[in-house]
Amino acid sequence: MSVHGGIIAKAPRTTGHGTGANVPGFDDATGAGKMPDPEGTRTVSSAADTKDHLKDLALAMTTEAPLPAPEHIRIAIVGLGYVGLPLAAAFGKHFPTIGFDINAQRIDELRRHHDHTREVAEAELRDADLLELSCDPSALAGCNVFIVTVPTPIDEFKRPDLRPLESASRTVGAAIRRGGIAIYESTVYPGATEEVCVPIIESESGLCFNRDFYAGYSPERINPGDREHRLENILKLTSGSTPEAAEFVDRLYRKVVKAGTHRTSTIRVAEAAKVIENVQRDVNIALINELAMIFNRLQIDSEEVLEAAGTKWNFLPFRPGLVGGHCIGVDPYYLTHKAQQIGYHPEMILAGRRINDGMGSHVGRRVARLVSQRGMAVASPRVLVLGLSFKENCPDLRNTQVVDIIEELQAYNAAVDVHDPWVSAQEARETYGIDLLADPECGVYDAIVLAVAHREFAELGAERIRAFGKPGAVLFDVKRALPKDASDGQL
Ligand SMILES: NC(=O)c1ccc[n+]([C@@H]2O[C@H](COP(=O)([O-])OP(=O)(O)OC[C@H]3O[C@@H](n4cnc5c(N)ncnc54)[C@H](O)[C@@H]3O)[C@@H](O)[C@H]2O)c1
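Residues numbered from 1 in each chain as written. Predicted model: local features only at pLDDT ≥ 70, side-chain atom pairs only at ≥ 80, totals over all residues.

**Brief notes about the site of the ligand**
Right, on to step 1. The local shell around the ligand holds 28 residues, among which Gly79, Gly81, Tyr82, Val83 and Ser186 are the closest.
Right, on to step 2. If you tally residues by element for the shell around the ligand, the top one is helix 5 (residues 163-175), at four residues.
Right, on to step 3. In terms of residue class, the shell around the ligand is made up of 13 nonpolar, eleven polar and four charged. (Near = placed C-beta within 6 Å. Helix = DSSP H or I, 4+ residues; strand = E, 2+ residues; numbered from the N terminus. Nonpolar A, V, L, I, M, F, W, Y, C, P; charged D, E, K, R; others polar.)

Have a look at this one:
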């Protein structure tokens, strides 16, 4: 609590939940740069008033602290990855914003206006003139809106690993003051914000939830590598721990999200909505993957079947594919964990996960079979894998299923080379022990697997991709990036 020269006077009372009247308008945020006065206090100098004011202060401390007025908002973005950085760049145009990350290297590159994730351009970073960057938690002092965008991975037993979220909550708890709000964006299971994060903030700060500080949840929907669906033009879910907090969160995001917001009645609803967006995609892709495996055995082209079925108005246009990355292949385990905790054993969600987790090995087996059917069986066939990242036009290597293709091929004694112009060679080596090939040789491979449909590969075209192989080499097109007849196998 900050006191600026004198005795603290009465803090304005909140108007009670349900009115939203305690949330000032955001359109007139003119005081950018000023430090907040989270108590909404004024100073008094007359000693005669002291007793009354102390009484008022005691009363004020038992009522809800007002949320920051727009001109006093000072934002901290905790975690500057794929989600946090675009948010920091957007808010940094409107409010004083501290972008905080525990990774000093990340802060260094961002200070040089370079984003290795390629989500935020140099010009956008330069435009965010109210954005400061730091890896020092003491820089968060004075912030009153904390937006947490740290990873939510799973552990080796596929259980939620909440350690980054817990650690970020400790950081927030150490910096938050009365009237502050912590908004979580990381994908979690319903209940995690209020059951896991809020108690940590309470114990670190000594503040009381929904009286001294508030919480919000506004999940992120961006899609790495997608130039069309950006933070500004994706409708955003918002929620808060009180009606005033919900109103505050909603108005805050409306400053940067031009597509608007959808406010949910509770934080748990917003948490559940986010996680099922990815569960639904995962299960639908799993169904199509299963159908693709059946049709492959029946020697029917699955794409032709899906196109034909897609002529019905309510047939959903999913396609088979590898499900990797930090979201779709991970988030369902957050929901299944919570379901199991309350005694419900989810079947469909976990079946979907099993199918999708097996697709990399399935591709590897099919390529190995095609090589041997071609009579190209040599002691150790040479295979070139094009693409390692978990999706096209994106350098993200997290949980890439291409690694399963490679391991399956190696189990068939293949010598596998991997080329990916999008991926950091150092990260590939450190994460998977894979040494990327910068410049694949022509005419030497028994099989080529077009694993990721990066635009560079699509531009090369089938003929130049085939040129990497020996005459008659197998070309397998996982994502159907090439015309159907240009390859020897597809998912
Ligand atoms: N990547 C996506 O497309 C996407 C989309 C929607 C939602 N999400 C969700 O958003 C969250 C963040 O994902 P991401 O892809 O941005 O992760 P990321 O790994 O790209 O970035 C996370 C950043 O947080 C930092 N960090 C880790 N612990 C920290 C801590 N205690 N304090 C401060 N910084 C810390 C890391 O150094 C890293 O820079 C996850 O829950 C994810 O599921 C991601």
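**What to know about the environment of leucine 125**
Right, on to step 1. Relative to the assigned elements, leucine 125 resides in helix 4 (residues 122-127).
Right, on to step 2. Separated by 40 residues in the primary sequence, leucine 125 and leucine 85 place their C-alpha atoms 9.1 Å from one another.
Right, on to step 3. If sequence neighbours within four positions are ignored, leucine 125 has contacts with Ala89, Leu110, His113, Asp115 and Val120. (Contact = placed C-beta atoms within 7 Å.)

**With respect to the packing of helix 10 (residues 331-341) against helix 11 (residues 348-357)**
Right, on to step 1. In the contact formed by helix 10 and helix 11, the axes pass within 10 Å of each other and the chain directions differ by 145°. Between helix 10 and helix 11 lies a crossing whose hand is left-handed. Residues Pro332, Leu335 and Thr336 of helix 10 lie in contact with helix 11, whose contacting residues are Ile349, Leu350 and Arg353.
Right, on to step 2. For the contact of helix 10 with helix 11, the class distribution of residues is four nonpolar, one polar and one charged. (Axes fitted to C-alpha atoms, helices over the stretch in contact; angles between N-to-C directions. Left-handed = near helix turned anticlockwise from the far one by under 90°.)

**Observations concerning the sheet that holds strand 15 (residues 489-490)**
Right, on to step 1. Pairing within the open sheet is parallel, and its five strands lie in the order 12-11-13-14-15. The sheet is open, and its two edges are formed by strand 12 (415-419) and strand 15, each paired on a single side.
Right, on to step 2. In this structure, strand 14 (residues 469-477) lies alongside strand 15, joined through two bridges in parallel fashion. Looking across to strand 15, one finds that phenylalanine 476 is bridged to glycine 489. (Pairing = 2+ DSSP bridges.)

**Points about the nonpolar core**
Right, on to step 1. In this structure, Phe146, Ala182, Val385, Ile448, Val449 and Leu450 are the most contacted members of the largest nonpolar core, which totals 121 residues.
Right, on to step 2. Top element by residues in this core is helix 8 (residues 267-297). It accounts for nine residues.
Right, on to step 3. The contact partners of valine 385, leaving out residues within four places of it in the chain, are Val402, Ile405, Ile406, Val416, Val418, Val449 and Ala451. (Core = buried A, V, L, I, M, F, W, Y, C linked by C-beta atoms within 7 Å. Buried ≥ 20, exposed ≤ 12 C-beta atoms within 10 Å, placed from the backbone.)

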